[in-house]
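# Chains, contacts and geometry: an overview
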Amino acid sequence: MTATHTTTVPQVTTDAPAPAPTGRASTPTSGTASGHPASNGRHPVEMLKRRWPTALAVALVILTTADDGSGELADTVGAFGDALPLLPLLYVIVHQVGNPRVTWPVLGAGVAAMVALGAQDVVSQPVALVAIALAVLVWGAVRGTPHGRATFGVQAAGAVVFGALALIGLAVDPDLGRYLVAAGWFFHGVWDFVHLRLDKVVARSFAEWCGVVDILVAVHLLFLL
């Protein structure tokens, strides 16, 4: 008989040894492709783009109050008291239009109206602005309002309160009037930031810009004169 020989073939493993470390750092999983941390929008240029209403407001207040230190208290109080009723009037008009996109054009028309009123001596600026605000409120009460009666009532109350502060502040002695007018500007700044927070009635950029302007004007009237 012929003997059968069995040949055992050794098994070849396929597990390759792990490569030796090359000394290179692992690719970052966050931040920029170069490995630097992301800026999260904190770069000065990016911050300026996002906060341009604040930057514009600060520049405007600096330009308009730069030489007030050499002027009379009555003139300064009178100038800011004349302009105060314009602030709630803008809200009332934009509210009745029902479209925040018209906020900045309405501001431009309001400034033009103030310039025109200042060029005549028939009626004072604040009285005319308060009268226009009341006329718009009457129109809203008769024709209806796009934001509902509750919001309309809030805007009406704001127009009455801020208009009254302006008129009374202009009627009393400037030493007392400065505090009434400053209170009107300050609380309208709070008014702006509440609307900015709620994102209601006016454009957000306008609410931010107007809020910063109002607070800075109030500080100027109280402490810098």
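Below is a short write-up of the structure. Since this is a predicted model, take the numbers as computed values, not measurements. (Residues numbered from 1 in each chain as written. Predicted model: local features only at pLDDT ≥ 70, side-chain atom pairs only at ≥ 80, totals over all residues. Heavy atoms only, no water.)

### Description of the layout of surface pockets
Counted as a void, the largest pocket has a volume near 410 Å³. Elements with a minimum of two residues in the lining of the largest pocket: α2 (52-65), α3 (73-83), α4 (86-97), α5 (103-118) and α9 (204-224). Per element, the largest residue contribution to the lining of the largest pocket is six residues, and it comes from α9. Residue classes in the lining of the largest pocket are distributed as 17 nonpolar, one polar and one charged. (1 Å grid on protein atoms, 1.4 Å probe; cavity = no way out; pocket = protein on both sides within 12 Å on 5 of 7 lines; lining within 4 Å. Points joined across faces, edges and corners; volume = space filled by probe spheres on them. Helix = DSSP H or I, 4+ residues; strand = E, 2+ residues; numbered from the N terminus. Nonpolar A, V, L, I, M, F, W, Y, C, P; charged D, E, K, R; others polar.)

### A look at α5
Its 16 residues place the ends of α5 22 Å apart at the C-alpha level, agreeing with the 22 Å of an ideal helix rising 1.5 Å per residue. As for α5, its buried residues are in contact with α3, α4, α6 (125-143) and α9. (Expected span 1.5 Å × (residues − 1). Contact = heavy atoms within 4.5 Å.)

### Some thoughts on the side chain of E208
Its place among the elements puts E208 in helix α9. Looking at E208, the relative accessible area reads 8%, which means it is buried. Separated by 2.9 Å, the side chains of E208 and R51 make a polar contact. Once residues lying within four places of it in the same chain are set aside, the contact partners of E208 are R51, P53, T54, F193 and L196. (Buried < 20%, exposed > 50% of the residue type's maximum accessible area, 1.4 Å probe, protein only. Polar contact = N/O pair within 3.5 Å; in protein donor to acceptor, adjacent residues only side chain to side chain.)

### Things to note about a nonpolar patch on the surface
Side chains of L176, Y179, V219, L222, F223 and L224 sit close together on the surface and give an oily, nonpolar patch of about 610 Å² of accessible area. Where the nonpolar patch is concerned, the elements lending two or more residues are α8 (174-198) and α9. The element that contributes the greatest number of residues to the nonpolar patch is α9, accounting for four residues. With respect to the helices, strands and loops of the structure, Y179 is situated in helix α8. Taking relative accessible area as the criterion, Y179 reaches 46% and is therefore assigned partly exposed. (Patch = residues over 30% accessible without salt bridge, like charges linked within 9 Å, V, L, I, M, F, W, Y side chains within 5 Å. Areas by Shrake-Rupley, 256 points an atom, 1.4 Å probe, with all protein chains shown as cover. Salt bridge = Lys/Arg side-chain N within 4 Å of Asp/Glu carboxyl O.)

### Quick word on the packing of α4 against α8
For the pair α4 and α8, interaxial distance at closest approach is 10 Å and the crossing angle is 25°. As the angle between them shows, α4 and α8 are arranged roughly parallel. On the side of α4, the interface is formed by L87, P88 and Y91, while α8 contributes W185, H188, W191, D192 and H195. When the residues that make up the contact of α4 with α8 are grouped by side-chain class, the tally is five nonpolar, two polar and one charged. (Axes fitted to C-alpha atoms, helices over the stretch in contact; angles between N-to-C directions. Parallel < 35°, antiparallel > 145°, perpendicular 65-115°, else oblique.)

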